[in-house]
Amino acid sequence: MEIFNIYCDESCHLPHDNSDIMVIGGISCPKEKATLINRTIMSIKEKNRIYKYAEIKWTKVSNSKYNFYKDLVDLFFDNSYLNFRAVVALNKSKLNYKKFHLSHDDWYHRIYFLMLREMMDIGKRYNVYIDIKDTKGPKKIETLKDVLNNVVGYFYDETVQNIQLVRSDQIQLMQLADLMIGAVSYKNRGLVGNEAKVKLINYIEEKIARSLVKTSPKTETKVNIFRWMPQER
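So, a few notes on the structure that sits alongside this text.

Parameters at a glance
Residues numbered from 1 in each chain as written. Predicted model: local features only at pLDDT ≥ 70, side-chain atom pairs only at ≥ 80, totals over all residues. Heavy atoms only, no water. Core = buried A, V, L, I, M, F, W, Y, C linked by side-chain atoms within 4.5 Å. Buried < 20%, exposed > 50% of the residue type's maximum accessible area, 1.4 Å probe, protein only. Helix = DSSP H or I, 4+ residues; strand = E, 2+ residues; numbered from the N terminus. Contact = heavy atoms within 4.5 Å. Expected span 1.5 Å × (residues − 1). Arc of directions from axis to C-beta. Pairing = 2+ DSSP bridges. Axes fitted to C-alpha atoms, helices over the stretch in contact; angles between N-to-C directions. Phe/Tyr/Trp six-rings, centres within 6.5 Å; stacked < 30°, edge-to-face > 60°. Lys NZ or Arg CZ within 6 Å of the ring centre and 35° of its normal. Parallel < 35°, antiparallel > 145°, perpendicular 65-115°, else oblique. Nonpolar A, V, L, I, M, F, W, Y, C, P; charged D, E, K, R; others polar.

Quick notes on the nonpolar core
The biggest cluster of nonpolar side chains holds 48 residues, and the ones touching the most others in it are Ile27, Leu72, Phe76, Phe84, Leu173 and Leu179. Elements that contribute at least two residues to this core include exactly strand S2 (22-30), helix H1 (31-47), helix H2 (66-78), strand S3 (83-89), helix H6 (172-188), helix H7 (195-208) and strand S6 (223-228). Here the element with the most residues in this core is H6; it accounts for 10 residues. Other than its neighbours up to four places away in sequence, leucine 179 contacts Ile56, Trp58, Val61, Tyr69, Leu72, Val73 and Leu200. Listed in part, the 24 residues of the second largest apolar core include Tyr112, Met119, Met120 and Leu144.

Observations regarding H1
Its 17 residues place the ends of H1 25 Å apart at the C-alpha level, agreeing with the 24 Å of an ideal helix rising 1.5 Å per residue. Residues of H1 that are buried include every one of Ala34, Ile37, Asn38, Ile41, Ile44 and Lys45, and no others. Each buried residue of H1 sits inside an arc of 115 degrees when the element is viewed along its axis, so together they form one side. Turned more than 90 degrees away from the buried face of H1, the exposed residues are Glu32, Arg39, Glu46 and Lys47. Against strand S1 (3-11), S2, H2 and H6 lie the buried residues of H1. Immediately downstream of H1, the backbone of arginine 49 shows phi near 60 degrees, a positive value.

Concerning the sheet that holds S6
Reading across from one edge, S5-S4-S1-S2-S3-S6 is the order of the 6 strands in this open sheet, with mixed pairing throughout. A strand with exactly one partner marks an edge of an open sheet, and here the two such strands are strand S5 (160-166) and S6. Across the sheet, the axes of successive neighbouring strands diverge by a mean angle of 15 degrees, strand direction being ignored. Across 8 bridges, the pairing between S1 and S2 is antiparallel. Considered in S2, the bridge of cysteine 8 is made with glycine 26. Running over the sheet, H1 touches S1, S2 and strand S4 (125-131) and is turned about 105 degrees from S2.

Section: the packing of aromatic side chains
Two numbers describe a pair of aromatic rings. These are the distance of the centres and the angle of the planes. Enumeration over the complete set of coordinates arrives at 6 aromatic pairs. For the pair tyrosine 7 and tyrosine 129, a centre-to-centre distance of 5.5 Å together with 20 degrees between the ring planes defines the contact as stacked. With tyrosine 7 in strand S1 and tyrosine 129 in strand S4, this residue pair connects regions lying 122 residues apart in the sequence. The class of tyrosine 7 is buried, set by a relative accessible area of 4%. Taking relative accessible area as the criterion, tyrosine 129 reaches 17% and is therefore assigned buried. Judged by centre distance (5.6 Å) and plane angle (75 degrees), the rings of tyrosine 51 and tyrosine 53 are edge-to-face. On the basis of relative accessibility, which here comes to 57%, the residue tyrosine 51 falls in the exposed class. If you follow lysine 199 out to its NZ or CZ, it ends over the ring of tyrosine 66, 4.4 Å from the centre. The ring centre of phenylalanine 76 lies 4.2 Å from the NZ or CZ of lysine 222, which sits over that ring.

Brief notes about the packing of H6 against H7
Where H6 contacts H7, the two axes come as close as 10 Å, and the packing angle between them is 100 degrees. Considering their axes alone, H6 and H7 lie roughly perpendicular with respect to each other. Residue-level contacts link Leu179, Met180, Ala183, Tyr186 and Lys187 of H6 to Lys197, Val198, Leu200, Ile201, Ile204 and Glu205 of H7. Of the residues that constitute the contact of H6 with H7, the class distribution is 8 nonpolar, no polar and 3 charged.

Here it is as structure tokens:
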């Protein structure tokens, strides 16, 4: 049975962080290919004279490092078995938690589920790795397990072998997920102030022949984006 790793991260996930969107996304990679990709990322760092333990982050994209980040984007697109999905949750300020008897964390987990659900197929097995963001991490993991299990029946026991909190600075593929999520978030927030970031986003959009502010067809698996809107009433 095929086993896949899914490396997940998020952007603008707090309820009051001056952003009206939240992005949750992940990169899937066959478990047997993960070591190869991580080593290739280290090679790309060496080629671009980047310290091998330097963390890849969207916030670090700059003109001086543009070729390095472009090489990472090429790595993702050059390997057909790497896939990316993100859910862009729009209009956070319009969320009516009280009406739907939800807390912010409840909503957060539902968006996480929407992201993961379309990345998984019954009959395959998955390890899910989530970046540690705060001290609530372990509790969030347990809740996410419950959400997966309750919504899809025996989904967790049968399909998801493991959900684990990890440090992104120790896993190259997690950092690659951060880069892709950052690009989606930057474009959907309408930001344009960083020339290198805009250029890299344009390069990604050329690769997928689609804007990062559009929901992808369900059949699109390489880069799949779903834009979620809260109910108005």
